[in-house]
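# What the coordinates show
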Number of protein chains: 2
Amino acid sequence: MTGHPSTRLDDTVHQRVRLGILTILATAGRADFTYLRDNLEVTDGNLGRHLEVLYQAGYVEIEKTFEGRRPRTWVSITRAGRRALKDHILALRQMIDEVPGG
Amino acid sequence: MTGHPSTRLDDTVHQRVRLGILTILATAGRADFTYLRDNLEVTDGNLGRHLEVLYQAGYVEIEKTFEGRRPRTWVSITRAGRRALKDHILALRQMIDEVPGG
């Protein structure tokens, strides 16, 4: 791999809230909209926009269900999403492992 | 520390090119403009804009010198820059260490 690791960072993954979404989903497998919104401390609209970016990239699946009459939206990470996150973390580690005390 | 680590990511540091600048400077101490531009594979204008953001935040010092008649711009990380990068890396590690295989 040539070039500085920062050139291998995927901006779709790297954005702060999106990185939070993917790391939660990669750990939990899936999470519902409310859990993501409250944990990441973002608004419904902000979370919705970031989920749309990740969905368009093929990194998450979004499932809208009903529990009784209450809507519930589940979000899960796809195989492509796991791959993108794994590659991104590899590049991040290459950057931060070089930093003394980092 | 409460809340998801993504809420402790500093957007001034987190942006891909700026994170690259700070990790290079934290390792090398200082670097010149051309080295940063070529290593991070960005244009003069793009690098200049990111350096301005980091300078305004107090995270880098910029020194314009001449070697003979050739201008040479040196960039170095400040104490505040090292502190911000260290805190940022701590939050990043908390996020990525949880990811299975991450």
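Fair warning: this is a prediction, and the values are worked out from it, not measured in the lab.

### Notes on the overall build of chain A
- Looking only at helices and strands, one finds 5 helices and 3 strands in chain A.
- If you list the helices and strands of chain A from N to C, you get α-α-β-α-α-β-β-α.
- For the C-alpha atoms alone, the extent of chain A along its principal axes is close to 55 × 25 × 20 Å.
- For chain A, the share of sequence-separated contacts (at least 6 apart) that also reach a separation of at least 24 residues comes to 55%.
- One way to put it: in chain A the 15 positive side-chain charges average out to a point 4 Å from where the 13 negative ones average out.

### Concerning the pairing of strand E2 (residues 60–67) of chain B
All names here are of chain B.
- Judged from the 8 bridges that link them, E2 and strand E3 (residues 70–77) form a sheet pairing that is antiparallel. Within E3, the position partnered with Lys64 by the bridge is Thr73.
- Turn length for the E2-E3 hairpin, with the two strands adjacent in sequence and antiparallel, is 2 residues, and the turn residue Gly68 shows positive phi of about 65 degrees.

### A few points about the relation of the copies chain B and chain A
- The transformation that overlays chain B on chain A combines an axial shift of 0.0 Å with a rotation of 180 degrees, and the residual RMSD is 0.0 Å. Put plainly, the chains are arranged around a two-fold axis. Distance from the rotation axis, computed per C-alpha, reaches its smallest value in chain B at B:Gln15: 3.8 Å.
- Both copies share a contact surface, since 100% of the interface residues of chain B are interface residues in chain A too.

### Remarks on helix H5 (residues 79–96) of chain A
- For H5(A), with 18 residues, the first-to-last C-alpha span of 26 Å sits near the 26 Å given by 1.5 Å per residue.
- Buried within H5(A) we find A:Gly81, A:Ala84, A:Leu85, A:His88, A:Ile89, A:Ala91, A:Leu92, A:Arg93, A:Met95 and A:Ile96.

### Regarding the pattern of salt bridges
- Here the structure, examined in full by the defined rule, presents 14 salt bridges over all chains.
- The closest approach of N and O atoms between A:Arg93 and B:Asp97, which form a salt bridge, is 2.8 Å. Taken together, the residues span two chains, with A:Arg93 in helix H5 and B:Asp97 in the segment after helix H5 (79–96).
- The network of salt bridges with common partners includes A:Asp32, A:Glu67 and A:Arg72.

### A short note on the environment of A:Arg30
Residues and elements named next belong to chain A.
- Here Arg30 is to be found in strand E1 (residues 30–32).
- Once the C-alpha coordinates of Arg30 and Thr78 are considered, the two residues, 48 residues apart in sequence, prove to be 9.9 Å apart.
- Excluding its chain neighbours within four sequence positions, the residues that come into contact with Arg30 are Leu25, Glu63, Trp74, Val75 and Ser76.

### Some points on the packing of aromatic side chains
- Within this structure, the stated rule accounts for 0 aromatic pairs over all chains.
- The ring of B:Trp74 carries B:Arg30 above its face, with NZ or CZ at 3.6 Å from the centroid.

### Quick word on the UniProt feature "domain: Winged helix DNA-binding" (unreviewed entry) in chain A
- Feature annotation in UniProt places "domain: Winged helix DNA-binding" (unreviewed entry) on residues 17–96 of chain A, given in this structure's numbering.
- A distance of 20 Å separates the end C-alpha atoms of residues 17–96 of chain A, which is 64% helix and 24% strand.

### Some remarks on the side chain of B:His14
- Locating B:His14 in the fold gives a position in helix H1 (residues 11–14).
- The exposure class assigned to B:His14 is buried, which follows from its relative accessible area of 2%.
- There is a polar contact of 3.1 Å between the side chain of B:His14 and the side chain of B:His88.
- Those residues in contact with B:His14 that lie beyond four places of it in its chain are A:His14, A:Gln15, A:Arg16, A:Leu19, B:Leu9, B:Leu19, B:His88 and B:Leu92.

### Observations concerning the interface of chain B and chain A
- Between chain B and chain A, the contact holds 31 residues from the first and 31 residues from the second.
- With both chains or domains summed, chain B and chain A bury close to 2,800 Å², and 62% of this area falls on carbon and sulfur atoms.
- When the area that chain B buries against chain A is broken down by residue, the three leading residues are B:Arg16, B:Arg93 and B:Ile96, summing to 22%.
- Viewed at the interface, chain A and chain B are joined by 4 salt bridges.

Scoring rules and cut-offs
Residues numbered from 1 in each chain as written. Chains lettered and ligands numbered in written order. Predicted model: local features only at pLDDT ≥ 70, side-chain atom pairs only at ≥ 80, totals over all residues. Heavy atoms only, no water. Helix = DSSP H or I, 4+ residues; strand = E, 2+ residues; numbered from the N terminus. Contact = heavy atoms within 4.5 Å. Lys, Arg positive; Asp, Glu negative; His and termini not counted. Charge placed at Lys NZ, Arg CZ, Asp CG, Glu CD. Pairing = 2+ DSSP bridges. Least-squares fit on C-alpha atoms with pLDDT ≥ 70 in both. Expected span 1.5 Å × (residues − 1). Buried < 20%, exposed > 50% of the residue type's maximum accessible area, 1.4 Å probe, protein only. Salt bridge = Lys/Arg side-chain N within 4 Å of Asp/Glu carboxyl O. Phe/Tyr/Trp six-rings, centres within 6.5 Å; stacked < 30°, edge-to-face > 60°. Lys NZ or Arg CZ within 6 Å of the ring centre and 35° of its normal. UniProt positions renumbered as here; feature names shortened; annotations may be inferred. Polar contact = N/O pair within 3.5 Å; in protein donor to acceptor, adjacent residues only side chain to side chain. Buried area = accessible area lost by both parts, 1.4 Å probe.

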